[in-house]
Amino acid sequence: MCIRDRYNVVHSHVHFFSGLLLRWAQFEGVQIRLAHSHNSYDGKSNTPPRRAYRFLMKSFIRRHATHGLAVSRLAAHDVFLDWENDPRVAILHCGIDLQDFLGIVSCAPSRTNVGLPQGARVIGHVGNFSPAKNHSFLLEIAAQIQKSRPDVHFLSIGDGPLRAAIEARAWAMGLRRNMHFVGTRIDVPVLLRTCMDAFIFPSLWEGLPLVVLEAQAAGLRCVISDEITKEVIIDPHQVVRLPLGAGAPGWAAAAIEALDRGRLETKSCVETLEQTDFNIARGLSLLTNIYSVGEAGPHAA
């Protein structure tokens, strides 16, 4: 049995490799074939073979995809050739479930659960331990903050291949008492609301990081890398976009300022997000249209 007898849609999320998958899907007669770009860089070295692979896969995507989606303009630029002039390609800003940020939560149980002192000031980060997330620089920022604010604690949520090395480096830098690594969690919205007072995100590259949206929904002031698209900023007064070239001292100063300015009211932050296309209902509507009749709006999401 060929795949056209089983599937009406193939929706591929594997960056450049989508080209090969959608070529196969067209060969098998699948009518709706989507390439979805989630990142602004594939994280691979720029060798001649890699450049040739990227060019070939982009060409396959252009030829064999019936639709293209990207989480941001940067993500679209990395995968789709001349995407701004291609009516098949649209920006689909991934949405978050805002219900996770409503209701009453208690700080004390959450902080006890992750080993944070009650009443401590906490700067947080959420992300897989991979090169893009720049955890080594995150430790440099933490060490710089500790020089002037030894009372501040740091909460790191996530797991991945670099975690053991980053934890070992944190201990070697003398951050053991104030640095808390809690691994993968299913209650990230709750921890953002109850355990963090500010949020930093010094990534080297991203497509459009949902956790920055979640941090804003939780009312946290955020300091993020200027390598991240501006599209992620909902309230310019809530987010500082800083170059990595500012170094650990510049990032530490910005993080301390965010911490001292305090959180925003979660309810008003959620209400603001509800009016944007980062509300999950918006993305669901667009995908439903594509899957059912193969239609999507031109570039706007």
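Residues numbered from 1 in each chain as written. Predicted model: local features only at pLDDT ≥ 70, side-chain atom pairs only at ≥ 80, totals over all residues. Heavy atoms only, no water.

S.K.: Give a detailed account of the nonpolar core, specifying residues and quantitative values.
M.R.: Within the largest apolar cluster, 55 residues are counted, with the highest numbers of intra-cluster contacts made by Phe-80, Leu-155, Leu-192 and Phe-199. Not counting chain neighbours up to four residues away, the residues in contact with Phe-80 comprise Ala-35, Ser-37, Ile-61, Gly-68, Leu-69, Ala-70 and Val-89. Counting 27 residues, the second-largest nonpolar core is a separate cluster that includes Ile-166, Phe-181, Leu-242 and Ala-258. (Core = buried A, V, L, I, M, F, W, Y, C linked by side-chain atoms within 4.5 Å. Buried < 20%, exposed > 50% of the residue type's maximum accessible area, 1.4 Å probe, protein only. Contact = heavy atoms within 4.5 Å.)

S.K.: Could you give an account of the side chain of His-93, with specific residues and numbers?
M.R.: Locating His-93 in the fold gives a position in the loop between β4 (89-91) and α4 (107-114). Of note is the side chain of His-93, whose polar atom sits 3.2 Å from the side chain of Asp-277. (Helix = DSSP H or I, 4+ residues; strand = E, 2+ residues; numbered from the N terminus. Polar contact = N/O pair within 3.5 Å; in protein donor to acceptor, adjacent residues only side chain to side chain.)

S.K.: Lay out the state of the cysteines with the relevant residues and their values.
M.R.: Taken as a whole and judged by the stated rule, the model has 0 disulfides. Left without a disulfide partner, Cys-107 is nearest to the cysteine sulfur of Cys-195, which lies 7.2 Å away. We classify Cys-107 as partly exposed; its relative accessible area is 38%. (Disulfide = S-S within 2.5 Å.)

S.K.: Provide a residue-level description of the packing of aromatic side chains, including the pertinent values.
M.R.: Taken as a whole, this structure holds 5 aromatic pairs when the rule is applied. Relative to Trp-251, the ring of Phe-137 has its centre 5.9 Å away and its plane inclined at 80°; by these criteria the two rings are edge-to-face. Highlighted residues: Phe-137 in helix α5 (residues 135-148) and Trp-251 in helix α9 (residues 247-261), separated in sequence by 114 residues. Ring geometry for Trp-171 versus Phe-181: centroids 5.8 Å apart, planes at 80°, classification edge-to-face. Pair noted here: Trp-171 is in helix α6 (residues 163-172) and Phe-181 is in strand β7 (residues 179-181), with a separation of 10 residues, a long-range link. With a relative accessible area of 27%, Trp-171 lands in the partly exposed category. Given a relative accessible area of 14%, Phe-181 falls into the buried group. Pairwise contacts between aromatic rings join Phe-129, Trp-171 and Phe-181 into one cluster. (Phe/Tyr/Trp six-rings, centres within 6.5 Å; stacked < 30°, edge-to-face > 60°.)

S.K.: Account for the side chain of Lys-58, with residues named and values stated.
M.R.: Mapping Lys-58 onto the fold places it in helix α2 (residues 48-64). Although Lys-58 is buried, it forms no salt bridge, and the closest oppositely charged side chain is Asp-78 at an N-O distance of 5.3 Å. Setting aside residues no more than four positions away along its own chain, Lys-58 makes contact with Phe-16, His-77, Asp-78, Val-79 and Leu-81. (Lys, Arg positive; Asp, Glu negative; His and termini not counted. Salt bridge = Lys/Arg side-chain N within 4 Å of Asp/Glu carboxyl O.)

S.K.: Lay out helix α1 (residues 18-27) in plain terms, naming residues and giving numbers.
M.R.: Inspection of α1 places Ser-18, Gly-19, Leu-22 and Ala-25 among the buried residues, and these make up the whole buried set. Each buried residue of α1 lies within a common arc of 125° when the element is viewed along its axis, so the set occupies one face. Lining the buried residues of α1 we find β1 (9-12), β2 (32-37) and α2. One or two positions beyond α1, positive phi appears at Gly-29, with a value near 90°. (Arc of directions from axis to C-beta.)

S.K.: I'd like to hear about the layout of surface pockets, residue by residue, with values.
M.R.: A volume near 610 Å³ is recorded for the largest pocket. Taken together, 25 residues make up the lining of the largest pocket; nearest its centre are Gly-127, Asn-128, Lys-133, Glu-206 and Pro-209. (1 Å grid on protein atoms, 1.4 Å probe; cavity = no way out; pocket = protein on both sides within 12 Å on 5 of 7 lines; lining within 4 Å. Points joined across faces, edges and corners; volume = space filled by probe spheres on them.)

S.K.: How would you summarise the environment of Arg-50 if you had to cite specific residues and measurements?
M.R.: Here Arg-50 lies in helix α2. Using a relative accessible area of 21% as the deciding quantity, one classes Arg-50 as partly exposed. Spatially, the C-alpha atom of Arg-50 lies 22 Å from that of Glu-227, the residues being 177 residues apart in sequence. Residue contacts for Arg-50: discarding those within four places in its chain leaves Asp-42, Lys-44 and Ser-45.

S.K.: Tell me about the pattern of salt bridges, residues and numbers included.
M.R.: One pass over the full model with this rule turns up 14 salt bridges. The partner of Asp-197 in a salt bridge is Arg-111, with the nearest N and O atoms 3.4 Å apart. One end of the pair, Asp-197, is in the loop between α7 (188-195) and β8 (198-201); the other, Arg-111, is in helix α4, with 86 residues separating them in the sequence. On the basis of relative accessibility, which here comes to 10%, the residue Asp-197 falls in the buried class. Of the residues examined, Arg-111 reaches a relative accessible area of 6% and is grouped as buried. One salt bridge in this structure joins Glu-167 and Arg-163, with 2.6 Å as the shortest N-O distance. With Glu-167 and Arg-163 both in helix α6, this residue pair falls 4 residues apart, about one helical turn. With relative accessibility at 18%, the residue Arg-163 sits in the buried group. Overlapping salt bridges, with partners in common, bring together Asp-42, Arg-50 and Arg-54 in one network.

S.K.: Report on a nonpolar patch on the surface, specifying residues and quantitative values.
M.R.: On the surface, Val-14, Phe-17 and Leu-20 cluster together into a nonpolar patch covering about 230 Å² of accessible area. Locating Phe-17 in the fold gives a position in the loop between β1 and α1. (Patch = residues over 30% accessible without salt bridge, like charges linked within 9 Å, V, L, I, M, F, W, Y side chains within 5 Å. Areas by Shrake-Rupley, 256 points an atom, 1.4 Å probe, with all protein chains shown as cover.)

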